[in-house]
Structure formats: structure tokens, C-alpha cells
Amino acid sequence: MKTKIAVAKGDGIGPEIMASVLRIFEAANVQLDYEYVEMGKSYFDAGHSTGMTAAAKETIERLGLLFKGPMETPKGKGVKSINVTARKVWNTYANQRDFRSLNGVDTVFSKAGIPINLTIVRENIEDTYGGIEHLLTNDVAVGRRMITRPGSAQVIRYAFEMARRKGYAKLACGHKANIMKLTDGMFLETFYEIAKEYPDIEASDIIVDDLCMKLVSRPELFQAIVLTNLQGDIVSDLCAGLVGGLGFAPSANIGDNISIFEAVHGTAPDIAGRGIANPTALLLSGILMLRYLGFSTAAADIENALLYTLEQGVHTGDFGDKSTAAANTESFADAVIANLGQVPAKGAVVAQPDAAITINHDKPSINKLTITSPNTTQEMVGVDVFVESGKQPQELAEIAKGKETDLFKLVMISNRGTQVWPTGSIFTELVNEYRIRFEKKDGAEVTQKDLLNIAAELSDDLKVCSVEFLMKFDGKIGYTLAQGQ
Ligand code: NAI
């Protein structure tokens, strides 16, 4: 019996490259059935605010797997990217991108004889991609970077499982926990917690800037790397550059119920409709999808035919030897089809029959909510009140001191995260947003209302921009100190 998946052709070059890829699937006798769904720019234009019809949403949620071409998000209409929305709404929490040197695609590494074969797994929902941003004063914009324990655990567990499926010996965690101690610190802590369940895989961690340097100098050090969303976004494009650019970068967005396979590149409006686009990235994404579905023999056959074709020097206009004639999208696909059954001289792929993942087709009746440690004790110890002010630190401290009570004392004022009161440097430059920190006095018992009252009191004299509680969790402080505190 054939497996049914949802297919969205996409915009721009999407329909052209999708047709070629599905033609290659058919020639390789891939046992898939397709239900085409209405998604993309024209559906935004027709008034669907999410860029897809209700029927498309229903089909994707029912089938659990979407193979999609690139889609254009209309600019300046206040609508959110359909690509990002789809990943978030359906909780495709892991973005997997496989990077390998491809025969016939020249890069500095291929010329130096250094083969590249690595996988980046990027968290796909959280981090700054929550898009929670506020303008606090005319000069100060802030964004919330949200890292959660359940979200980190999901993607990290996926990365370990993937490493095991691929037979990798090691998995690295890229992070910046030396600076972002609570957010990246939580991601890193979760990584080592979960690593205990995978003793067969060597777990290590690396600071993301060092990682970037090593990826461009010694990429062979790594097999798989898991990262938070924004860092993973940047590092995965860096890796695309290592293997020849975005035209060769497949991508899988994996969730427990719904997964989305797509190329990393966009709709290429400059060449759309001309039949010259390179279908390789979408084909590689399709190959990832076939493996995910357990069609590993077809995946290996197609990948070998593609590698053989590239090895023969067949190329579209965007890459390869410019002194030889470029194939168009159709003739490139024809060459891959004609080469089914061929094996490349370099980097041939062997089918791994145990790669399948089962799609969970159960439709939940309520939204899944995860709380990892419901019995953690919490204690309120103070409050950071963020205020708008053009005053000097000492003047501000005098106002704040006037708000001290039996319960609270003023402990610190910072500007852009650097302490400016009680001590600081005259050379610290200021902007018109300060953080004023009050902590409870020894032995005092304080409530949320007491803490909010401080902000209310300050609002008599200053514009309060926002308020954050200072908490201890199981006795450990859950906030960072200011630079210089
Ligand atoms: P783009 O990736 O579409 O194009 C950048 C350059 O690469 C262009 O010169 C284009 O001709 C070339 N290119 C891209 N894919 C190619 C292919 N398969 N074969 C040959 N040449 C190729 O990026 P751009 O111009 O920034 O974005 C265009 C549109 O695509 C935007 O509306 C954007 O929102 C959307 N987009 C959609 C994505 C998705 O659906 N996942 C991802 C990225 C962008």
C-alpha cells in the first residue's frame, strides 16, 4: 500500500522543481501518493491570513507529512511568514539539515580534498523566534529570548536518536552559555542530562564562536551538532556554504505529529517560470523524507543517481563548470532518471533499512502541556523594575531609595546590563532605560503584590517600562547579576 503525503508546490520556482522531483520519485518507483494542498502567496492574496486554506490545514494535520516548495510571504501586509508559522503551529521542533560534499560541486574544501559530511539539528520554535519584542522607550527595543526545558529536551533527544540512527559516534552541543548563563545554560544542562541516556554516543559541547571557527578550518572534527534556534540558523547556513551554497541544502522540520520537508532556498523570483532552477536541494530534502518514511532503498537509489549525475558534470546554470552547457530543470531531472541504477565513484550511499520513524496519527483532544518538575520550590526575593529616565544614576537612586520599605532595600541600578549604582564608572555610556533592583530584607516574607507595589510606587515619579520578579528555585538564584555587581 502506498503512503499518502501532502504536497504544496510553492511559489516562484516551486512548481517547476517540485514537478521534476516527483518525476524522479515516480521513475524510482517510490510508493507514495500525493494530496496537493493550497498554500502560498496566492492564498494570502485571496484573503487567507495564514496563507493556506482550511482544507489544506485539515489535510496536513491528517496526513502528518508535508513536502513543500518554497513560498513567498507578501511583504508589508503585516502577515507572518507561512514557513515560520507552519513550523511553530505544528510544533516541528527539530530542524535537521544534512550537509555533504557533492561530486561536481566545487568548493574550497572539495578542491583541498577534505570531504564534508555533517548534520546540524537546530531547535525550531523557541529562542528569539518567539518574536516577542517591545519598544520600551523611543531609544530602547528589547526582545525576549525564551529557552524552555521541555523544548530543549525535545530537540536534543531527537538529535541523539538521529545520531544513533545514522551510526554516528558523537554529538556536540553548540552554545553561548558563558554569556547567556540561564538560557543557553538550560539548553546545555538539558543536553548533558539527556546524554546520560545515550552512553554509546560521545557528547561534547563547544562555544558557538569557536564552533564557527573550527567548522571553517577543520569541519571533519564534527559529525552532528545540536543548537538553539538563532545560533543554529546561522551555523547551518555557514555549513551550506561549506558544501556549495543553499542550492545544495536540504531541510527537514520534524515534529511528533507533523513533519515538513523543504529546500532551504526561497522562491528565486528572478528566474521563476524560466525552467532553469536547480532542483537538487528539493530532491535532497525529498531523499531525507524518503529515509524518514523508511523508503531507504529508493532513497539510496535516487541519491546515488544524483551523485553520479553530478559526477558526470551535469549542472544547472547556478553551479558547476561554466565552460560546459547548463542543463535546465527538466533535463537535469531526465539525467538523474537515466542514471537510476548507477553508483558514483565517490561517496556512494548504502541503504540503511532501519531508518524509519513512525508518524503518530493520533489527534490529541487537548494541547500538550509539559511541566518537568512540578515540585520545585520557588521563593520570591526581589524585583527588577525597568524604567524610562534621562536622569543620572545618583538622581535615580535617590528617587528609588525613597521607595524602600520594611520589606525591601534598593541594591543596584544598571544601564544596558552594566551596574551604574552604587558603584560604576563615569565612562559607562547611558541610554534612557534603567533597571532598578530591589531585594527583600533578611527575614522578610514578600508576596507578588508587595513586589508589584514597588513598581506602582515608582510609577508616581517615573515611567515604568516593565517588571521582572527575582526568584529562587529550590534555593538557587534564577536571575543574573549585573556586569560589575
Ligand atoms: P532565494 O533563495 O529565493 O534566492 C536567492 C538567490 O539564489 C537568487 O539569485 C536565486 O535565483 C538563487 N536561487 C535560489 N534557489 C535556486 C535554485 N533552486 N536554483 C537556482 N538558483 C536559485 O532568496 P530570496 O530572493 O531572499 O527570497 C525570495 C522569496 O523566497 C522571498 O519571498 C522569501 O520570503 C522566500 N523564501 C522562502 C523560503 C521557504 O519557503 N522556506 C526560504 C527563503 C526565502
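Details of the structure are given in the entry above.
Predicted model only: the values in this text are computed from it and were never measured.

Asker: Sorry, what's going on with the sheet that holds strand β2 (residues 32-36) here?
Answerer: As a general point, the strands of a sheet are linked pairwise by backbone hydrogen bonds and lie either parallel or antiparallel. The strand order across the open sheet formed by 10 strands is β2-β1-β3-β12-β11-β4-β5-β10-β8-β9, and the pairing between neighbours is mixed. The open sheet is flanked by β2 and β9 (202-207), the only strands paired with a single partner. Between one strand axis and the next, the sheet turns by 25 degrees as a mean value, whatever way the strands run. The pairing of strand β4 (residues 94-100) with strand β11 (residues 250-254) spans three bridges and is antiparallel.

Asker: Help me out: how do you make sense of empty space enclosed by the protein in this one?
Answerer: A water-sized probe, rolled over the atoms, reveals where empty space remains. Evaluated as defined, the whole model comprises one cavity of 30 Å³ or more. Considered as a void within the structure, the largest cavity measures approximately 30 Å³ in volume. Taken together, V84, R87, K88, R122, N124, Y129 and N229 make up the full set of residues lining the largest cavity. The element that contributes the greatest number of residues to the lining of the largest cavity is helix α4 (residues 82-89), accounting for three residues. Its residues assigned to classes, the lining of the largest cavity shows two nonpolar, two polar and three charged. A domain-level breakdown of the lining of the largest cavity finds at least three residues from each of domain 1 (1-93 + 264-372) and domain 2 (94-254).

Asker: Looking at this structure, how should I read the sheet that holds strand β15 (residues 418-421)?
Answerer: Pairing is antiparallel in the open sheet, where six strands are placed in the order β15-β14-β16-β13-β17-β18. Every other strand in the sheet has two partners, leaving β15 and β18 (476-477) as the edge strands with one partner each. Relative to β15, strand β14 (residues 408-415) runs antiparallel, the two sharing three bridges. The residue of β15 that forms the bridge with S414 is Q419. On the sheet, helix α13 (residues 393-401) packs against β14, β15 and β16 (433-440) and is oriented at approximately 155 degrees with respect to β14. Of the strands in this sheet, β13 (378-388), β14, β16 and β17 (463-473) are in contact with helix α14 (residues 448-458), which crosses β13 at around 15 degrees.

Asker: Is there a simple way to explain the packing of helix α8 (residues 208-217) against helix α9 (residues 229-242) in this structure?
Answerer: Each packed pair of helices is defined by two parameters, the angle between the axes and the distance between the axes. Running from N to C, α8 and α9 point in directions that differ by 5 degrees, and their axes come no closer than 10 Å. Taken as axis vectors, α8 and α9 run roughly parallel relative to one another. On α9, the residues that touch V208, L211, C212, L215 and V216 of α8 are Q231, V235, L238, C239 and L242. Here the residues of the contact of α8 with α9 sort into nine nonpolar, one polar and no charged.

Asker: Just to check I follow, could you spell out unusual backbone geometry for this structure?
Answerer: Only a minority of non-glycine residues have a phi that is not negative, and only a minority of peptide bonds are not trans. Here W421 and P422 are connected by a cis peptide whose omega angle stands at 10 degrees. With respect to the helices, strands and loops of the structure, P422 is situated in the loop between β15 and β16. Even without being a glycine, D127 presents a positive backbone phi close to 70 degrees. Within the secondary structure, D127 is located in the loop between β5 (117-123) and β6 (133-137).

Asker: What should I look at first to understand the state of the cysteines in this one?
Answerer: Where two cysteines share a covalent bond between their sulfur atoms, that bond is called a disulfide. Tallied over the entire structure, the rule returns zero disulfides. The thiol of C239 is unpaired, and the distance to the nearest cysteine sulfur, on C212, comes to 8.3 Å.

Rules used in this analysis
- The numbers attached to residues start from 1 for each chain and follow its sequence in the written order.
- Local features in this predicted model are restricted to residues whose pLDDT is 70 or higher, and side-chain atom pairs enter the listing and the counts only when it is 80 or higher, whereas totals over whole chains, interfaces and linings include all residues.
- Note that water and hydrogens are dropped before the side-chain values are worked out from all heavy atoms of the structure.
- Two strands pair if DSSP finds at least two bridges between them.
- The helix and strand labels rest on DSSP assignments: H or I over at least four residues marks a helix, E over at least two residues marks a strand, and numbering proceeds from the N terminus.
- Every angle, taken between N-to-C directions, lies between 0 and 180 degrees, and every axis is a line fitted to C-alpha atoms, over only the stretch in contact when it is a helix.
- Points on a 1 Å grid, built from protein atoms alone, make a cavity when a 1.4 Å probe fits but cannot get out and make a pocket when they are open with protein on both sides within 12 Å along at least 5 of 7 lines; residues with an atom within 4 Å of a point are the lining residues.
- Grid points are joined across faces, edges and corners, and a volume is the space filled by probe spheres set on the points.
- Classification used: nonpolar for Ala, Val, Leu, Ile, Met, Phe, Trp, Tyr, Cys and Pro, charged for Asp, Glu, Lys and Arg, polar for all others including Gly.
- The start and end points of each domain follow an automatic or database-based domain assignment.
- Here a residue-residue contact requires only that any non-hydrogen atoms of the pair lie within 4.5 Å.
- Throughout this description, any angle smaller than 35 degrees is read as roughly parallel, any larger than 145 degrees as roughly antiparallel, any in the 65 to 115 degree range as roughly perpendicular, and the remainder as oblique.
- Here, two cysteine sulfur atoms that lie within 2.5 Å of each other are counted as a disulfide.

Note that every value here comes from positions in space, so none of it alone points to a role or purpose.
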